[in-house]
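Here is what each chain is made of, one letter per residue.
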Amino acid sequence: MLIGKKSQKGLSHYSNLLLSVICLGVIGSCQSRESLLVIRATDAPTLQTEAFDSVTNVEKLDEKILTKASHLYLGTPVTDLGFDERSYIERYLEAGGLVTFSCRDTIYNWGQITGFLESKTAQIQCEENPALGISFTDYSGAKTRVRPGMDRLVREVLVAPLREPMALVVTENSVVYWIERKGTINRYDPGTGQSEEIDKLEVYTGEEDGLLGMVLDPNYKENHWAYVFYSPPGDEPKQHVSRFCFTSEGLDRDSEKVILEIPTQRDECCHSAGDLEFDREGNLYIATGDNTFSRASDGFTPLDERPGRSAFDSQKSSSNTMDKRGKILRIHPEKDGTYTIPEGNLFPKDTTEGLPEIYIMGARNPFTIAINQDKGWLYWGDVGPDGNVTSERGPTAHDEINFATRPGNYGWPYFNANNLAYADYDFETGELGPRFDPSAPNNTSVNNTGAVNLPPAVPAMVYYTFDETAQFPGVGKGSRSVGVGEVYNYDNTRRHGYEFPEYFHHKLFAFDWARDWIKVVSQDKEGNFLSIEPFLDQTTLASPIDMAFGPDGALYVLEYGIGYFTDNRDSKLIKLHFINGNRPPVARIAETVTNGALPLKLMLSAKESSDPDDRAQLAHSWQVTGPENFSLEGDLNEINLTKPGTYEVQLLTRDEHGATSTDEMQVIAGNTAPQVSIQFADNQSFYWPGRPVVYEVLVTDVEDGILGDGIAPDRVTVGLSKYKGSDNRAPASLAALDAENTKGLAPGLQLIQASDCKSCHKLDEQSIGPSFYQIAEKYDQDYIAIELLAKKIINGGSGVWGDGMMIGHPDFSMAAAKQIVDYIFSVNDPVEDEFESIGVKGRLSTTGMTDEHLRISASYTDDGNPGVDKLTGTIEKTLSIPVLQAEQADELIDLSIVGPVENGDARFVVNSGSNPTMVYRGVDLTNISSLSVAYFFSEANETVAPVEIALHLDTPDGPLAGKVGLNPVQSGREARMELNTSGTYDLYFILKSSEGAYQLGINEIKFSINPSKE
């Protein structure tokens, strides 16, 4: 929702009048309570604050501070407010508080604030130095629910991996059934935690067809009926909606009743849809796609009326009143396997205007549907076309979340988003016709078998394009593939402390398959859109494709995994639930020995266990099982293991309410793991190009001896790898990238990780687009291809790898696109050519090297002992040139990186807060005589205050290893800091200035070796 700017005249009078009214209503409260102005602003505003007893500026709002507030001033962008903060603000306003927003043109995506703006308890203020009114709150009038903390959300993986999962259903016993496109039907039993494939239906799997939808009858407990949307094999192109008797053993084929047939074409792809839902009246809703090839329309609407091109014309289906495709159908299944037409569909039952089954027309690919059972409201996610430009032919493409309280025409293929119109287009001549009229659309296609004059088009509720969409902030950008999950009904859940909280009641859970998010849509009682808020994102999701709430109030989610039409390794069934009351403690076994010679003294400590609700009373019990068994109590125990073998140790931690959690570890008694280390003559972190690296591997094993005395050198494996830039060991799949720290990854891989590339490409498997290996094999010997492919990433294109269309990425610079191409070209580089075996000690030449990394690894497997496993000791050390880039610090505090990822080492950091600090973990200062800081000031003159950079070890206030002044007059130079410290530390570089403000940039830090070592 968009809210306009308000004019605020006579504010002082308004404030005094309101204060008088509140004081009269709450006798004596104005005298007994202090007035507090709470400010939430990025920059300090100019306000009249004399009327307030105190003023406080907070970085984040909570209810505790707002219950004391007499006025809230919001100077921060609304998009910076968390939805928990918004719920506190709404409750504060309901309690009688006053809120002032700093001057702004619009407030998007916060319809809940509208009524308060209209009543003027909330206002947008554009006057300079405004006076602010005073109020005193009474929270008995606050009705809005506080948004629950996401730290109470629990994500549990139930089954992984899956095989192209499509849809799921949850029974009243929380048994989960899910179907997969190739016909398999699976069952998860929450009682046993086990899953199994229970059936396989023979289906046609060409294009996007297959086993696509499933729903249980509302009276499933009595009749055991399930309804299935599937593509029957054979020569006749069609879809079936069939009813089967369905049990834990699968579908009874003999019981099948084909309720509805949907004729299709199988000559060209795509858009089958197939979702099924029942409403509380027993009406069955059936989602069907437009069954149209969309990739020959330049990303616009497919209106190809040339002979033989019906498959390329969506007017044959979506806008055809006599065709079941591109629709949401609504029927009432009867006991005998037939169906009747419920009252209130789009067209009369006599078929004079259209098919009576049609409830919604004008859909493109309504892949998922949902129903608010209490209100009878229908929702669907409609996946839009691929175009990313607006032109005379029509708008850039949008995905839509649609909402209907009554039947209607939702516009495709003539309109998109909020009724943005396409122009008629002649595919034969290329001539452009007029734009279609949403108030009176006409279907004049030669492929139309229905009415010419169509119902007016209904705009979408939520819509977004490939780029950021201002009206719906936070939906992201890039590839799109929207869906709807379910509307949560708190009143119908079993209350056991793990259900989704009441805050989510009657809210729609929507998702995007390509952008890997789940979001929550709020509406008012009439269905008007209020807001769309974040719930989960790509850090925890891999292409969600369907979801449903169980009777337990938990949300079950199918993740398809990253990549089209393949059994993705990251696909899974997960369960999401909240812990609403007491949260279980976190059991954690403190670090202790995990192996050793007999007798092995084992210290068992639960001191690191904790309670998220900060309760002090935790009880701990231990079970040690193996050749000897122990049962122990308490947070600290010591035992002696005297028999060789493997022991399993389990800690059970219990809080005062009986909630428990466990932690486990394994201990091997009777064998000590070998200790392997690598020693370097100069330094353990750096090497200096041109100076040889002298190294030696050391191995010690309690049972076997030491290297050279009991351990032969040929038993130790030592290897050397040289590489530039990032670690050249690619992840097993792009799906693993989100779990990785971006630090050290190649710039191109970082850009891929942050973009939508993973939606259409995999490392080594064909998806909707070619794999990165295929691209590298095709192009990486062609230097010109770097430039061509980079332009294609930016502009989009099609035709090289089939008919699929790649959307453009205009936000990428040419340099960024080239970095992506560089990474793709590297994926098929033979790793074995970069690895060489070396001896256990030696000298490595660095002549001619400039910026390579040297990675040396060593491992040794011991001989073990009778009844005890062999153990392996490994180590890996990486030496780099003696330069630390500022932007590559492990932690930046009050410092900001300037420049995009593709600029690499040309980036730098600038101070952006009061305590600028760069932190580098685990840096060896042995044999380092000095370091040099490359810096510059934005204003280099004598009026700028000098800045000191100090190096502290291990903590911000740890030992001072050195300091040096950064002179503004000498900006653009290097400042040298003398050092006299040995050992490995965390380095804290802290900037300090005794005078005024400054703007300082730091590029890098170089380390110099002690001259005596040269």
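Rules of the game
Residues numbered from 1 in each chain as written. Predicted model: local features only at pLDDT ≥ 70, side-chain atom pairs only at ≥ 80, totals over all residues. Heavy atoms only, no water. Helix = DSSP H or I, 4+ residues; strand = E, 2+ residues; numbered from the N terminus. Buried < 20%, exposed > 50% of the residue type's maximum accessible area, 1.4 Å probe, protein only. Contact = heavy atoms within 4.5 Å. Areas by Shrake-Rupley, 256 points an atom, 1.4 Å probe, with all protein chains shown as cover. Phe/Tyr/Trp six-rings, centres within 6.5 Å; stacked < 30°, edge-to-face > 60°. Lys NZ or Arg CZ within 6 Å of the ring centre and 35° of its normal. Pairing = 2+ DSSP bridges. Disulfide = S-S within 2.5 Å. Salt bridge = Lys/Arg side-chain N within 4 Å of Asp/Glu carboxyl O. Axes fitted to C-alpha atoms, helices over the stretch in contact; angles between N-to-C directions.

The name an unreviewed UniProt entry assigns to the protein is PQQ-dependent sugar dehydrogenase, from the organism Marinoscillum luteum.

1. Details of the overall build of the protein
When helices and strands are tallied, the protein shows eleven helices and 66 strands. The 1014 residues of the protein split such that 54% are buried. Look at the contacts in the protein between residues 6 or more apart in sequence, and 64% of them connect residues 24 or more apart. Carbon and sulfur atoms form 48% of the exposed surface of the protein, whose accessible area is close to 43,300 Å².

2. Considering the packing of aromatic side chains
Scanning the model with the defined rule gives 37 aromatic pairs in all. Their ring planes at 85° and their centres at 5.9 Å tell us that Phe-101 and Trp-110 sit as a pair that is edge-to-face. Take Phe-101 and Trp-110: they sit in the same class, and that class is buried. With 6.0 Å between their ring centres and 90° between their planes, Tyr-935 and Phe-937 make a pair best called edge-to-face. Overall, the relative accessible area of 5% leaves Phe-937 in the buried class. Through a chain of ring-to-ring contacts, three or more aromatic side chains come together here, namely Tyr-488, Tyr-490, Phe-500, Tyr-503, Phe-504, Phe-509, Phe-535, Phe-549 and Phe-578. Of note, Arg-243 hangs over the ring of Trp-225, and the distance from its end group to the ring centre comes to 3.6 Å. In this structure, Arg-495 packs its charged tip against the face of Tyr-490, placed 3.9 Å from the ring centre.

3. Points about the pairing of strand β22 (residues 366-372)
The element β22 is extensively covered by neighbouring structure, given that six of its seven residues are classed as buried. Of the strand pairs in this sheet, β22 and strand β23 (residues 377-382) are connected by six bridges, and their pairing is antiparallel. Among the inter-strand pairings, Pro-366 is bridged to a residue of β23, identified as Asp-382. What sits between β22 and β23 in their antiparallel hairpin is a turn of four residues, with Gly-376 showing a positive phi close to 75°.

4. Some words on the state of the cysteines
Enumeration according to the criterion identifies two disulfides in this entry. The residue that forms a disulfide with Cys-103 is Cys-126, at a sulfur-sulfur distance of 2.0 Å. Here Cys-103 and Cys-126 share a disulfide; its torsion about the S-S bond, 80°, makes the bridge right-handed. Pair noted here: Cys-103 is in the loop between β5 (99-102) and β6 (106-108) and Cys-126 is in the loop between β7 (122-125) and β8 (153-159), with a separation of 23 residues, a long-range link. We classify Cys-103 as partly exposed; its relative accessible area is 41%. Assessed through its relative accessible area of 33%, Cys-126 is described here as partly exposed. Paired through a disulfide, Cys-269 and Cys-270 show a sulfur-sulfur distance of 1.7 Å. Negative torsions about the S-S bond denote left-handed disulfides, and the value of about 95° found for Cys-269 with Cys-270 makes this one right-handed. You can call Cys-270 buried: its relative accessible area is 7%.

5. Overview of the pattern of salt bridges
Opposite charge on two side chains makes pairing possible when the charged atoms of those side chains draw close. With the rule as written, the count across this model stands at 41 salt bridges. Residues Asp-304 and Arg-309 are paired through a salt bridge, measuring 3.0 Å at the closest nitrogen-oxygen approach. Where Lys-572 meets Glu-559, a salt bridge forms, and the shortest distance between an N and an O atom there is 3.3 Å. Within this pair, whereas Lys-572 is found in strand β37 (residues 572-578), its partner Glu-559 is found in strand β36 (residues 555-559), the two being separated by 13 residues in sequence. Residues Lys-572 and Glu-559 agree in their burial class; the two are buried. Put simply, Arg-40, Lys-60, Asp-84 and Glu-85 are held in one network by salt bridges that share partners.

6. Examining the sheet that holds β36
Hydrogen bonding along the main chain pairs the strands of a sheet, whether they run parallel or antiparallel. Taken in spatial order, the four strands line up as β8-β37-β36-β35 in an open sheet, and their pairing is antiparallel. Every other strand in the sheet has two partners, leaving β8 and β35 (544-549) as the edge strands with one partner each. Mean inter-strand twist for the sheet, computed between neighbouring axes without regard to direction, equals 25°. Relative to β37, β36 is paired through five bridges, and the arrangement is antiparallel. Paired with Val-557 across the bridge in β37 is Ile-574.

7. Observations concerning the sheet that holds strand β24 (residues 399-404)
The four strands are arranged β22-β23-β24-β30 in an open sheet whose pairing can be described as antiparallel. Taken across any chain shown, the strands that pair with only one partner, and hence form the sheet edges, are β22 and β30 (462-464). Taken over all neighbouring pairs, the strand axes of this sheet differ in orientation by 15° on average, direction set aside. Bridge analysis of β23 against β24 gives five bridges, and the strand direction is antiparallel. From the neighbouring strand, Gly-381 faces β24, where its bridge partner is Ile-401.

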